[in-house]
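A look at the structure
Take a look at the letters that make up each chain.
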Amino acid sequence: MARVVSTEAPSPIEPRVSELPGSRSIRVLIINSSGLMGNAVAALLEAEPGFEIVGMVKGCSDCQKCVATLRPDVVLCDLDAEAARGPHSLGRFRHCLPDVPVVVLSGDDSEQRVLQLVKVGIQGFVTKDSSRRTLVDAIRSASRGGCFLERGIQSKLMRLFANGGSGRDPWQRPLSEREQRILRLMVDGLTNGQIAQKVFLSTSAVKYHNAAIFRKLGVSGRAQAIRAAIQQALV
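All figures in this text were calculated on a predicted structure; none of them were measured in a lab. (Residues numbered from 1 in each chain as written. Predicted model: local features only at pLDDT ≥ 70, side-chain atom pairs only at ≥ 80, totals over all residues. Heavy atoms only, no water.)

Here we come to the overall build of the chain. When its secondary structure is counted, the chain shows 11 helices and 7 strands. Across the 235 residues of the chain, 51% fall into the buried class. Of the contacts formed within the chain by residues at least 6 apart in sequence, a portion of 70% connects residues at least 24 apart. (Helix = DSSP H or I, 4+ residues; strand = E, 2+ residues; numbered from the N terminus. Buried < 20%, exposed > 50% of the residue type's maximum accessible area, 1.4 Å probe, protein only. Contact = heavy atoms within 4.5 Å.)

In structure tokens form, the structure reads like this:
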């Protein structure tokens, strides 16, 4: 059945879900003003186990109106469809609905563009030439409270900060070597249990180090710590 994208109201999509045994599907709301491109992205995700496309809207303002009704776990935003207003309208959306993770899909991966989006609070950035697996990993990471940036994007941001783009002293509250490694693994989207296996600690010990990292960075949680790590070039 064809999906219709309307400027007046969100278009709920008849869910087509392939769930993994014993797990709840990730509910995704798509922002895309192009019905053709939006349907293509929806079909791509529907083919992946554990995803449910709950709706498609034309812009951030429409998305704000329907979040309470559709209850998405993650919003996937085609930022190129937001063209002139992109980061600004997305920033307003994040201000109004800070608890809804947003993953951005865009053809513009310039350092300044990505940095602007990180600062407004996105949980993931995926370029349009990325693989389906990369997009799926980004959405799954965001749904778990993590942040996802491809390695190439991370490298671009590191170069930007190396040239003074952050405007801040990243070592104002230095992290220990172990805390830096745990923070890097957070940025990579690993859970506490997965981090524990990587650094040969118990999960409770990782949580203890997390608390120390949050305190030193002056943040209250994992998503804020990841954003701070990227903005301050700590990883």
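Packing of helix α9 (residues 192-199) against helix α10 (residues 203-217) brings their axes to within 8 Å, and their N-to-C directions diverge by 100°. By the angle class used here, α9 and α10 are roughly perpendicular. Within the contact between the two elements, α9 uses Asn 192, Gly 193, Ile 195, Ala 196 and Val 199 and α10 uses Thr 203, Val 206, Lys 207 and Asn 210. Class assignment of the residues belonging to the contact of α9 with α10 gives a composition of 4 nonpolar, 4 polar and 1 charged. (Axes fitted to C-alpha atoms, helices over the stretch in contact; angles between N-to-C directions. Parallel < 35°, antiparallel > 145°, perpendicular 65-115°, else oblique. Nonpolar A, V, L, I, M, F, W, Y, C, P; charged D, E, K, R; others polar.)

For an α-helix, 3.6 residues make a turn, and residues three or four places apart therefore share a direction. For α10, which comprises 15 residues, the first-to-last C-alpha distance of 21 Å matches the rise-based estimate of 21 Å (1.5 Å per residue) to within 8%. Within the sequence span of α10, burial applies to Val 206, His 209, Asn 210, Ala 212, Ile 213, Phe 214 and Leu 217. One or two steps after α10, the chain reaches Gly 218, where phi turns positive at roughly 70°. (Expected span 1.5 Å × (residues − 1).)

What follows concerns the packing of helix α8 (residues 177-187) against helix α11 (residues 222-231). Two elements in contact, α8 and α11, have axes separated by 9 Å at closest approach and are oriented at 105°. Considering the angle they form, α8 stands roughly perpendicular to α11. Residue-level contacts link Leu 183, Met 186 and Val 187 of α8 to Arg 222, Ala 225, Ile 226 and Ala 229 of α11. Grouping the amino acids of the contact of α8 with α11 by side-chain chemistry returns 6 nonpolar, no polar and 1 charged.

Turning next to α9. Taken together, the buried positions of α9 are occupied by Ile 195, Ala 196 and Val 199. Each buried residue of α9 sits inside an arc of 105° when the element is viewed along its axis, so together they form one side. Packing partners of the buried residues in α9 comprise α8, α10 and α11. Where α9 ends, the next residue or the one after it, Phe 200, has phi of about 60°, a positive value. (Arc of directions from axis to C-beta.)

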